[in-house]
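Next come the chains, spelled out residue by residue.
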Amino acid sequence: YPRATEMLETSLRLAHALSYQRGLALALCLKGKIAMETGDNAALLVLIAASLPLLRELGERYWLALALHVQAHEFHFRGEQAQARAVGEEALSLMRELGDLHALAQILNALGYFAYIQGDLVTANQRYEETLQAAKVTQHKPLIASCLVALGAIAARREQAMQAAQ
């Protein structure tokens, strides 16, 4: 993301020089998302931590939900699954209110994965089923395929548990 990073750096400098808090908050949030996607967890932590208070103060609920979603991934990468789920649930609540199905599907998908990692197959299944429905509405085919794989993995784990119990 070299071009995006360059543009966001310019935006950050300008927003800082102008004391433009909204521009600063959004640029920090987007840089944090890029850091997540490129695996730069150290930058992710700093950028999202800087953006969250600004987004809350400004009442930027959509961007706050996205920043929380990114922060949930950061907690996940650090092995803090309970915190990842709690922050992800806050992002989910906001995005449900806002009604962006594409973003909602992404958040639900992450929460499904976090629940699966913790062995909470009931919640994981619920989150993936809801993700699947949203992905079908938005016609996000890669996410549909990913959900079907996840739901298949959950079914396999349940079947293994039932066989072991017999």
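Residues numbered from 1 in each chain as written. Predicted model: local features only at pLDDT ≥ 70, side-chain atom pairs only at ≥ 80, totals over all residues. Heavy atoms only, no water.

### Remarks on the overall build of the protein
To keep it simple, the criterion reads: By definition, any uninterrupted DSSP run of H or I lasting at least four residues is a helix, any uninterrupted run of E lasting at least two residues is a strand, and each is numbered from the N terminus. Residue exposure (1.4 Å probe, protein chains only): buried if accessible area is under 20% of the type maximum, exposed if over 50%, otherwise partly exposed. In this analysis, two residues are considered to be in contact whenever any of their non-hydrogen atoms come within 4.5 Å of each other. Note that accessible areas follow from Shrake-Rupley with a 1.4 Å probe, and for residues the cover is restricted to the protein chains shown. Charged residues are defined here as Lys and Arg on the positive side and Asp and Glu on the negative side; His and the ends of the chain fall outside this count. All charge positions are set by atom: Lys at NZ, Arg at CZ, Asp at CG, Glu at CD.
Within the protein, the regular secondary structure consists of eight helices and zero strands. Projected onto the principal axes, the alpha-carbon positions of the protein cover approximately 65 × 30 × 30 Å. By the burial criterion, 43% of the 166 residues in the protein qualify as buried. Contacts in the protein between residues far apart in sequence, at least 24 positions, make up 53% of those at least 6 positions apart. Only carbon and sulfur atoms are counted for the fraction: they give 58% of the accessible area of the protein, which is about 8800 Å². Counting 15 positive and 16 negative side-chain charges, the protein places the centres of these two groups 3 Å from one another.

### Let's talk about a nonpolar patch on the surface
Short version of the rule: Candidate patch residues must exceed 30% relative accessible area and have no salt bridge, after which like charges are joined if within 9 Å and Val, Leu, Ile, Met, Phe, Trp or Tyr side chains if within 5 Å. A pair is scored as a salt bridge if a Lys or Arg side-chain nitrogen falls within 4 Å of a carboxyl oxygen belonging to Asp or Glu.
Side chains of Leu14, Leu18 and Tyr20 sit close together on the surface and give an oily, nonpolar patch of about 330 Å² of accessible area. Relative to the helices and strands, Tyr20 resides in the loop between helix H1 (2–18) and helix H2 (21–38). Accessibility expressed as a relative area gives 43% for Tyr20, which makes it partly exposed.

### Digging into the environment of Leu108
Here Leu108 is to be found in helix H6 (residues 101–117). Look at Leu108 and you get buried, because its relative accessible area is 0%. In sequence terms Leu108 and Glu129 are 21 residues apart; their C-alpha atoms lie 9.2 Å from each other. Not counting residues within four places of it along the chain, the set of residues in contact with Leu108 comprises Leu92, Arg96, Arg127, Glu130 and Thr131.

### Considering unusual backbone geometry
Among all residues save glycine, negative phi is the norm, and among peptide bonds the norm is trans. Its identity is not glycine, yet Ser19 carries a phi of approximately 55°, on the positive side. As for its placement among the helices and strands, Ser19 is situated in the loop between H1 and H2. Exposure remark for Ser19: the relative accessible area of 57% places this residue in the exposed category.

Any link to function would need more than the numbers given here.
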